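# Structural overview for review
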2 protein chains.
Amino acid sequence: MSEREFLQKTFENTVVNFNGSLIKPEDATISIFDRGFLYGDSIYEVTRSYDGKILYLDQHIERFFNSAKLLSLKIDYSHAQIKTEVEKTFKALNTPNAYLRFMITRGVGEIGLDISKVYKNNLVIIGRVQKPNPETWYKDGVHFIISSVVRNSKDSLDPMAKSGNYLNSILAYIEAKEKNAYDAIMLNKDGFVTEGTTNNIWMVKGEAIYTAPLSAGILKGITRDAVFEICSKNNIKVIEAEFTPIDLKNADECFFTSSIREVVPISKIDDTLIGKGKPGELTLKVLQLYQAYIKTL
Amino acid sequence: MSEREFLQKTFENTVVNFNGSLIKPEDATISIFDRGFLYGDSIYEVTRSYDGKILYLDQHIERFFNSAKLLSLKIDYSHAQIKTEVEKTFKALNTPNAYLRFMITRGVGEIGLDISKVYKNNLVIIGRVQKPNPETWYKDGVHFIISSVVRNSKDSLDPMAKSGNYLNSILAYIEAKEKNAYDAIMLNKDGFVTEGTTNNIWMVKGEAIYTAPLSAGILKGITRDAVFEICSKNNIKVIEAEFTPIDLKNADECFFTSSIREVVPISKIDDTLIGKGKPGELTLKVLQLYQAYIKTL
């Protein structure tokens, strides 16, 4: 099988928007002199739609601009232009439930670190049909490990910037797969829980829900924000606080949040069952509240 | 000017080898589904030739394989195959003094962190005509800053792996350019000197030369190794030891080493002149010994 055939097969229900033009996935190429390719010098966002409506698109675009700012990456597009292109991609996909990934690179330029010698942004949007989450996640929960890979520190490459430099999380994910786990929880250099490789981590202790504060070095999750809002409306206590892997393993319940996967129970961390080793009651309540809430948006 | 015209102009004396085929720079494109593009999930090396001979190519390929190992990146090529392709690119360039950059990506694959769903490596080699270093470097030295961007820690993304995740160094370089400096020196989280954004850092104090140990979290420079060898042969004392920015600023001389730029005097760090603010005597001696030595290889 050629690479082209592999791409055709893998990306069957996929649409690509390249600088405003809709093209087939197998035809979607970029210059090898693009800094996104040479240096991972790019930013991205991922969101999804439900029943024909893109969720939190404005918030994702706002975070996109914030990532750009953290990396001194000049964006040649306006918020409205990016929104138009994401919506165009979504329409072309012609599915009610879509996965949408948009990214901007610093563009092609001279080889080397000098960002003054660049041409202009390349904008790439990938739209795919989003399948429902597996039922087993809600029956059994998923298994995480505590990774030995330390999350990028804020003063090296702030996890708040969603960028094309993903090896730190990839290394943690590889470790999880080697241990047959679903994903990995990363700690910061002080040993506190930060986040999963592509999600925010939560624990339930007694009546309250805890999650790491932004100061721990995490991405400001948009679903994380939504959970704060939902809990506030439903009188569920949420506390942002630093906590350790031991705290997590002794929690009554654990779960993760992600824009694509919503709220997912974690039933095991390393070899330790969380609570009864099944999805927790409050976790499933938060999931239900989240699903109901986003329908109202 | 279109991107294509920009590429034609910028990469005039450039040859690209893409998976074994020699192509024009403006035609050198890669799938947007390549993990090198989406995640910076790639490794690379840069070397150069002198008078028709590629310097330390075997050592660069060995380090390339070591980078791959650190990232669990399976290389579908043998050492000999990579060597053949780099040499082919060099020959096509038809210049005695070439810049040669070779990289391998984990390949195209499913979107996400799962490396089991990839097709196969993409190999990209860029060959360019290498211009001589500016004379001013040797008359005046260059100006570095101490960056506020902390070098990636070894337990997050080991600087020993030369990868496509370059934002950490790019942020430091941007800071240097904002201060009109040539480049930036990065510290580790304990405040010790690690390396420049694309080079190793050295200081002279009295009769000895100092450079950061590998344990500080640096790339094992091939020119760094050559300097050890040369100094050993010429009874110049070299010490690997941790040192701080204050030590550096109080040094008699400073310089950096790089495969492309050899040995270059640093005459100023932040606002502090090093020694007399001119290239140091021992620095220029090391440069001379290095240039003589590589002619014998």
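Residues numbered from 1 in each chain as written. Chains lettered and ligands numbered in written order. Predicted model: local features only at pLDDT ≥ 70, side-chain atom pairs only at ≥ 80, totals over all residues. Heavy atoms only, no water.

## Section: the nonpolar core
The condition is simple: Here, nonpolar core means buried Ala, Val, Leu, Ile, Met, Phe, Trp, Tyr and Cys residues that are tied together by side-chain atoms lying within 4.5 Å of each other. Relative accessibility under 20% of the residue-type maximum defines a buried residue, over 50% an exposed one, and the middle range a partly exposed one, all with a 1.4 Å probe and only protein chains included. In what follows, a contact means two residues having at least one pair of non-hydrogen atoms within 4.5 Å.
Residues Ile-32 of chain A together with Ile-32 of chain B are the most contacted members of the largest nonpolar core, which totals 116 residues. Setting aside chain neighbours within four positions, we find Ile-32 of chain A in contact with Phe-37 and Leu-38 of chain A together with Val-16, Phe-18, Ala-28, Thr-29, Ile-30, Val-124 and Ile-126 of chain B. Among the nonpolar cores identified, the runner-up in size contains 41 residues, and Tyr-138, Met-203, Ile-209 and Tyr-290 of chain A belong to it.

## Quick look at the relation of the copies chain A and chain B
Counted only if it meets this: Least-squares fitting of one copy onto the other uses the C-alpha atoms of those residues that reach a pLDDT of at least 70 in both copies.
Overlaying chain A on chain B yields an RMSD of 0.0 Å, the required transformation being a rotation through 180° with an accompanying axial translation of 0.0 Å. The transformation relating the two chain copies, once decomposed into turn and shift, fits a two-fold axis. The share of interface residues of chain A whose copies in chain B are also at the interface is 100%, consistent with both copies meeting through the same surface.

## Things to note about the packing of helix 8 (residues 222-233) of chain B against helix 10 (residues 281-295) of chain B
Helix-helix packing is characterised by the crossing angle of the two axes and by the distance between the axes. Residues and elements named next belong to chain B. This is how the line gets drawn: Between N-to-C directions, angles span 0 to 180 degrees; the directions come from axes that are lines fitted to C-alpha atoms, helices contributing only their stretch in contact. Note on conventions: DSSP H or I runs of at least 4 residues are helices, E runs of at least 2 residues are strands, and numbering of each starts at the N terminus. Just so you know how the angles are binned, under 35 degrees is roughly parallel, over 145 roughly antiparallel, 65 to 115 roughly perpendicular, and the rest oblique. Amino acid classes used here: Ala, Val, Leu, Ile, Met, Phe, Trp, Tyr, Cys and Pro are nonpolar; Asp, Glu, Lys and Arg are charged; the rest, including Gly, are polar.
Put simply, helix 8 and helix 10 touch, their axes get as near as 10 Å, and they point 100° apart. In terms of orientation, helix 8 lies roughly perpendicular with respect to helix 10. Contacts between helix 8 and helix 10 involve Thr-223, Ala-226, Val-227, Glu-229, Ile-230, Cys-231 and Lys-233 on the former and, on the latter, Val-286, Leu-289, Tyr-290 and Tyr-293. Across the contact of helix 8 with helix 10, the residue classes break down as eight nonpolar, one polar and two charged.

## Details of helix 1 (residues 3-10) of chain B
Let me state the cut-off plainly: Note: the arc covers the axis-to-C-beta directions of the helix.
Those residues of helix 1 of chain B lying buried are Phe-6, Leu-7 and Thr-10 of chain B. Within helix 1 of chain B, the buried residues cover an arc of 100° as seen down the axis, which keeps them to one side. Buried positions along helix 1 of chain B lie against strand 3 (29-31) of chain A together with strand 7 (122-129) of chain B.

## A short note on the pattern of salt bridges
Residue and element names in this part refer to chain A. Rule in force here: In the sections that follow, a salt bridge refers to a side-chain nitrogen of Lys or Arg positioned within 4 Å of a carboxyl oxygen of Asp or Glu.
Applying the stated rule across the entire model yields 32 salt bridges over all chains. Arg-63 is the partner of Glu-45 in a salt bridge, and the nearest nitrogen-oxygen pair spans 2.8 Å. Of this pair, Glu-45 sits in strand 4 (residues 42-50) while Arg-63 is found in helix 3 (residues 57-70), placing the two residues 18 residues apart along the sequence. Neither residue differs from the other here; Glu-45 and Arg-63 are each classed as buried.

## What about the confidence of the model for chain A?
Counted only if it meets this: A residue's pLDDT is the predictor's confidence in that residue, given on a scale from 0 to 100.
Chain-level statistics for chain A give a pLDDT mean of 98 and a share of 100% at 70 or above. Predicted complex metrics record ipTM = 0.97 and pTM = 0.97.

## Some words on the sheet that holds strand 6 (residues 98-105) of chain A
All names here are of chain A. This is how the line gets drawn: The pairing criterion is simple: DSSP has to find at least two bridges between the two strands.
Pairing within the open sheet is antiparallel, and its six strands lie in the order 2-1-7-6-4-5. Looking at which strands have only one partner, the edges of the open sheet turn out to be strand 2 (21-23) and strand 5 (53-54). Pairing analysis gives three bridges linking strand 1 (residues 14-18) to strand 2, with the strands arranged antiparallel. Looking at the pairing, Asn-17 lines up with Leu-22 of strand 2. On the sheet, helix 4 (residues 79-93) packs against strand 1, strand 2, strand 4, strand 5, strand 6 and strand 7 (122-129) and is oriented at approximately 35° with respect to strand 7.

## Considerations on the interface of chain A and chain B
Heads up, the rule is: Here's the idea: put two parts together, see how much 1.4 Å probe accessible area each one loses, and the total over both is what we call buried area. Pairing of N or O atoms within 3.5 Å defines a polar contact, subject to two protein rules: one partner must be a possible hydrogen donor and the other a possible acceptor, and residues neighboring in sequence count only if both atoms are side-chain atoms.
Across the contact, 69 residues belong to chain A and 69 residues belong to chain B. Across the interface of chain A and chain B, roughly 5,700 Å² is buried in total on both sides, 69% from carbon and sulfur atoms. Together, Phe-37, Leu-113 and Leu-167 of chain A form the three largest contributors to the area buried by chain A at its contact with chain B, with a combined 13%. Inspection of the region where chain A meets chain B yields two salt bridges. The salt bridge partner of Arg-128 of chain B is Glu-110 of chain A, with a shortest N-O separation of 2.9 Å. Counting every contact that joins chain A to chain B gives 27 residue pairs in polar contact (both at pLDDT 80 or more). Looking at which element gives the most residues to the side of chain A that touches chain B, the answer is helix 6 (residues 167-178) of chain A, with seven residues. Partitioning the side of chain A that touches chain B into residue classes produces 35 nonpolar, 21 polar and 13 charged.

## Focus: the side chain of Ser-163 of chain B
By secondary structure assignment, the location of Ser-163 of chain B is in the loop between helix 6 (154-157) and helix 7 (167-178). In this structure Ser-163 of chain B comes out as buried when scored by relative accessible area, which is 4%. There is a polar contact of 3.1 Å between the side chain of Ser-163 of chain B and the backbone nitrogen of Asn-165 of chain B. Dropping the residues within four chain positions of it, Ser-163 of chain B is found in contact with Leu-167 of chain A together with Ser-42, Ile-43, Tyr-44, Leu-71 and Leu-157 of chain B.

## Quick look at the side chain of Asn-199 of chain B
Residues and elements named next belong to chain B. Summarising the element assignment, Asn-199 is placed in the loop between strand 10 (193-196) and strand 11 (200-205). A polar side-chain atom of Asn-199 sits 3.0 Å from a polar atom in the side chain of Asp-183. With near-sequence residues (within four places) excluded, Asn-199 lies in contact with Phe-144, Asp-183, Phe-256, Thr-257, Ser-258 and Arg-261.

## Describing the packing of aromatic side chains
Stated precisely, the cut-off is as follows: Any pair of Phe, Tyr and Trp rings, taking the six-membered ring for Trp, is counted once the centres come within 6.5 Å. Such a pair is stacked with planes under 30 degrees apart, edge-to-face with planes over 60 apart, and tilted for the rest. Over a ring means this: the NZ of a Lys or the CZ of an Arg is within 6 Å of the ring centre and within 35 degrees of the ring normal.
Taken as a whole and assessed by the stated rule, the structure comprises 22 aromatic pairs over all chains. Judged by centre distance (5.2 Å) and plane angle (40°), the rings of Tyr-119 of chain A and Phe-6 of chain B are tilted. Taken together, the residues span two chains, with Tyr-119 of chain A in the loop between strand 6 and strand 7 and Phe-6 of chain B in helix 1. Site record: aromatic cluster; members linked through ring pairs are Trp-137, Phe-144, Tyr-182 and Phe-256 of chain A. Here the basic side chain of Arg-101 of chain A rests over the ring of Tyr-44 of chain A, its NZ or CZ set 4.2 Å away from the ring centre.

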